[in-house]
Amino acid sequence: MQWPCRLRGWQWCIRFAILDDRAFVRMAISAVDTALWDLKARLLDLPLVRLFDQVREALPIYGSGGFTNYSNEQLQKQLCGWVEQGISRVKMKVGRDAKVDRRRVAAARKTIGEEVDLFVDANGAYSRKQAIAQAHAFEQFGVRWFEEPVSSDDLEGLRFIRNHAPAGIEIAAGEYGYDVDYFRRMLDAGAVDVLQADATRCCGFTGFLQAATLCDAYHVPLSSHCAPALHVHIGCATPATRHAEYFHDHTRIERMIFDGVAEPGAGALRPGLDQPGLGLILKRADAQNFAI
């Protein structure tokens, strides 16, 4: 199904309303799986990255936010804030209005300069023809990454856009993967240049490792979706993982309720090696303020 740009907000509501029971079960499994891996590492008194077998010291990140309800001034301020922190990749949302999107992307490029990679995320809001037109329009502003230009369920459409978009723009999707079969279908279809996976959805770290193994086999890079504090250890232990999403809302919440959250340095996150497991400690008093 194709969704007009103006219905983007409703698309989210409908998409989550029609998730079948298996998706909710897999999100619950994800929570248990990540907790058990964290517990195992704590019992062995190892940082989780060492338990997984560390392959890199730091995980590159991209700053992610740039919501469509931001004014250009808000957008530019947020993107510049990440660049000033040494983050050389930034992502903004598009899909609310195709014409306005082009002006917003132009404003973003103007403020971040030419050396910073600019990513856009449509959350499946465009039709196939709109997405192709937007990809060619975005090319003049040096956009390097086009996430979910159409629905991630439309594998044929993703493959069509991947084949017809400018060579310098990568097509990315996969954040709604709940099991290894989803990722295999997406890779079999040749739908993406970069696969995304989210350990809070895909059966935890076990599912993320399966996605990473598939990416190795298909020679397609992997990028973790949201929850950077959760993904920094697994990302530093999987060769296929290219970078992690440093998502505005999640980083804010992670700092609110956990101690031990990694801070970005030189555009990357480093897993803490001085604490076992994920190295996260719940701020119980602060978390209690949000208890139901």
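The structure we're discussing is the one just above.
The text that follows walks through the structure, step by step, so that each part is easy to find.

Reading the values: rules and limits
Residues numbered from 1 in each chain as written. Predicted model: local features only at pLDDT ≥ 70, side-chain atom pairs only at ≥ 80, totals over all residues. Heavy atoms only, no water. Buried < 20%, exposed > 50% of the residue type's maximum accessible area, 1.4 Å probe, protein only. Helix = DSSP H or I, 4+ residues; strand = E, 2+ residues; numbered from the N terminus. Pairing = 2+ DSSP bridges. Right-handed = clockwise from strand over helix to strand, strands pointing away. Salt bridge = Lys/Arg side-chain N within 4 Å of Asp/Glu carboxyl O. Arc of directions from axis to C-beta. Contact = heavy atoms within 4.5 Å. Phe/Tyr/Trp six-rings, centres within 6.5 Å; stacked < 30°, edge-to-face > 60°. Axes fitted to C-alpha atoms, helices over the stretch in contact; angles between N-to-C directions. Parallel < 35°, antiparallel > 145°, perpendicular 65-115°, else oblique. Nonpolar A, V, L, I, M, F, W, Y, C, P; charged D, E, K, R; others polar.

Let us look at the pairing of strand E6 (residues 194–197). Within a regular beta strand, the side chains point alternately toward one face of the sheet and then the other, so they alternate between its two faces. In E6, alternate side chains face the same way, and those of Val 194 and Gln 196 on one face and Leu 195 and Ala 197 on the other are all buried. The pairing of strand E5 (residues 170–173) with E6 spans two bridges and is classified as parallel. Across the sheet, the residue bridging to Ala 172 is Val 194, located in E6. Chirality of the crossover, the property in question, places the unit of E5, helix H8 (residues 180–188) and E6 among those that are right-handed. Summarising the sheet, E6 and strand E7 (residues 222–224) pair through three bridges and their orientation is parallel. Across the sheet, Leu 195 pairs through a bridge with Leu 222, a residue of E7. The parallel pair E6 and E7, bridged by helix H9 (residues 204–218), forms a crossover whose chirality is right-handed.

Further remarks concern the pattern of salt bridges. Inspection of every chain in the model, using the stated rule, returns 18 salt bridges. Several salt bridges converge on common partners, so that one network encompasses Lys 91, Lys 93, Asp 121, Glu 147 and Glu 245.

What follows is about helix H11 (residues 248–257). An α-helix turns once every 3.6 residues. As a result, residues three or four positions apart point the same way. Taken together, the buried positions of H11 are occupied by Thr 251, Glu 254 and Ile 257. All buried residues of H11 project into a common sector of 150° when viewed along the axis, lining one side. For H11, the secondary structure elements touched by its buried residues are helix H10 (228–235), strand E8 (241–247), strand E9 (258–259), strand E11 (281–282) and helix H12 (284–288).

Another aspect to go through is the environment of Lys 99. With respect to the helices, strands and loops of the structure, Lys 99 is situated in helix H5 (residues 98–112). For the pair Lys 99 and Gln 134, spaced 35 residues apart in sequence, the C-alpha separation works out to 9.1 Å.

Attention now goes to the packing of aromatic side chains. Tallied over the full model, the rule gives 10 aromatic pairs. With a centroid separation of 5.3 Å and an interplanar angle of 85°, the aromatic rings of Phe 67 and Tyr 70 are classed as edge-to-face. Looking at Phe 67, the relative accessible area reads 17%, which means it is buried. Both rings, one in Phe 67 and one in Phe 247, keep their centres 5.9 Å apart while their planes meet at 90°; by these two values the pair is edge-to-face. On the criterion of sequence distance, the pair formed by Phe 67 in the loop between strand E1 (59–65) and helix H4 (72–84) and Phe 247 in strand E8 is long-range, its members being 180 residues apart. Accessibility assignment for this pair places Phe 67 and Phe 247 in one class, buried.

Looking now at the packing of H10 against H11. At their nearest, the axes of H10 and H11 sit 9 Å apart, and the two run at 95° to each other. The orientation of H10 with respect to H11, classified from their angle, is roughly perpendicular. Along the contact surface, H10 presents Pro 228, Ala 229 and Leu 230, while H11 presents His 250, Thr 251 and Glu 254. In terms of residue class, the contact of H10 with H11 is made up of three nonpolar, two polar and one charged.

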